[in-house]
Amino acid sequence: MEQAQVEGSVRKRPDWDTYFMKMARVISERSTCVRRHVGAVAVLDRRILATGYNGAPTGVAHCEDVGCIRSKQGIPSGERHELCRGLHAEQNVIIQAALHGVKLKGATLYCTHQPCVVCAKMAINAGIVRIVYRGDYPDPLAMDMLNEAGIEVLTVSD
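Description of the structure in this document. (Residues numbered from 1 in each chain as written. Predicted model: local features only at pLDDT ≥ 70, side-chain atom pairs only at ≥ 80, totals over all residues. Heavy atoms only, no water.)

### Digging into the pairing of strand S3 (residues 39-44)
So, point 1. Judged by how many residues are buried, S3 sits mostly within the fold: 5 of 6 residues are covered.
So, point 2. Between S3 and the antiparallel strand that follows it, strand S4 (residues 47-53), lie 2 residues; Asp-45 among them carries a positive phi value of about 55 degrees. (Buried < 20%, exposed > 50% of the residue type's maximum accessible area, 1.4 Å probe, protein only. Helix = DSSP H or I, 4+ residues; strand = E, 2+ residues; numbered from the N terminus. Pairing = 2+ DSSP bridges.)

### Looking at the layout of surface pockets
So, point 1. Of the volumes computed, that of the largest pocket is approximately 440 Å³.
So, point 2. Counting residues per element, the lining of the largest pocket draws most heavily on helix H4 (residues 89-99), which supplies 3 residues.
So, point 3. Across the lining of the largest pocket, the residue classes tally to 12 nonpolar, 11 polar and 4 charged.
So, point 4. Roughly 260 Å³ of internal volume is contained in the second largest pocket.
So, point 5. Surrounding the second largest pocket, 13 residues form its lining, Tyr-53, Ala-56, Thr-58, Asn-92 and Gln-96 being those nearest its centre.
So, point 6. Going through the elements one at a time, S4 and H4 are the ones with two or more residues in the lining of the second largest pocket.
So, point 7. Of the residues that constitute the lining of the second largest pocket, the class distribution is 5 nonpolar, 7 polar and 1 charged. (1 Å grid on protein atoms, 1.4 Å probe; cavity = no way out; pocket = protein on both sides within 12 Å on 5 of 7 lines; lining within 4 Å. Points joined across faces, edges and corners; volume = space filled by probe spheres on them. Nonpolar A, V, L, I, M, F, W, Y, C, P; charged D, E, K, R; others polar.)

### A closer look at the pattern of salt bridges
So, point 1. Counted according to the given criterion, the structure contains 3 salt bridges.
So, point 2. A salt bridge links Asp-17 to Arg-130; the nearest nitrogen and oxygen atoms lie 2.7 Å apart. Placement of Asp-17 in helix H1 (residues 16-28) and of Arg-130 in strand S6 (residues 130-135) is noted, with a sequence separation of 113 residues between them.
So, point 3. Residue classification places Asp-17 among the buried positions, given a relative accessible area of 16%. (Salt bridge = Lys/Arg side-chain N within 4 Å of Asp/Glu carboxyl O.)

### Let's talk about the sheet that holds S6
So, point 1. Spatially, the 5 strands line up as an open sheet ordered S4-S3-S5-S6-S7, and their pairing is mixed. A strand with exactly one partner marks an edge of an open sheet, and here the two such strands are S4 and strand S7 (152-155). Mean inter-strand twist for the sheet, computed between neighbouring axes without regard to direction, equals 20 degrees.
So, point 2. Bridging between S3 and S4 involves 6 bridges; their strand directions are antiparallel. Bridge pairing links Ala-40 to Gly-52 in S4.
So, point 3. Contacts from H1 reach S3, S4, strand S5 (108-113), S6 and S7 within the one sheet, and its direction differs from that of S5 by about 55 degrees.
So, point 4. Sitting on the sheet, H4 is in contact with S3, S4 and S5, with an inclination near 130 degrees to S4. (Axes fitted to C-alpha atoms, helices over the stretch in contact; angles between N-to-C directions. Contact = heavy atoms within 4.5 Å.)

In structure tokens:
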């Protein structure tokens, strides 16, 4: 935390990782997933490039409206990613950047949870160089691939 002088008292400013992680948590509040609310934000040079949260594609009914296929079929977290109406927050960040012509090469991705292997592979190919996350997700292959690709991965806590 940085310190700033405010009318005779010292106020602690959040460092940049804390600042952007707080934004990812706020973004997660838009999630329409009934199981887990996830938010993500891509940042380069301390500037936000794109944001995303987990939910169904534009124009498609959300799980909170029609129910969760994964819950109905008893699919555990971290398995069978294709059996879901929604996109992950990290996927939505990458898609939003592409939709608006924003390059993610060299960016940091802040996520409320550890990326899954599908999102990890997408982040690698999008040129993301650093991932900061808060909550765990049961996907050791994702971590193996991020490490192999040389992506800096940092876990933060509140």
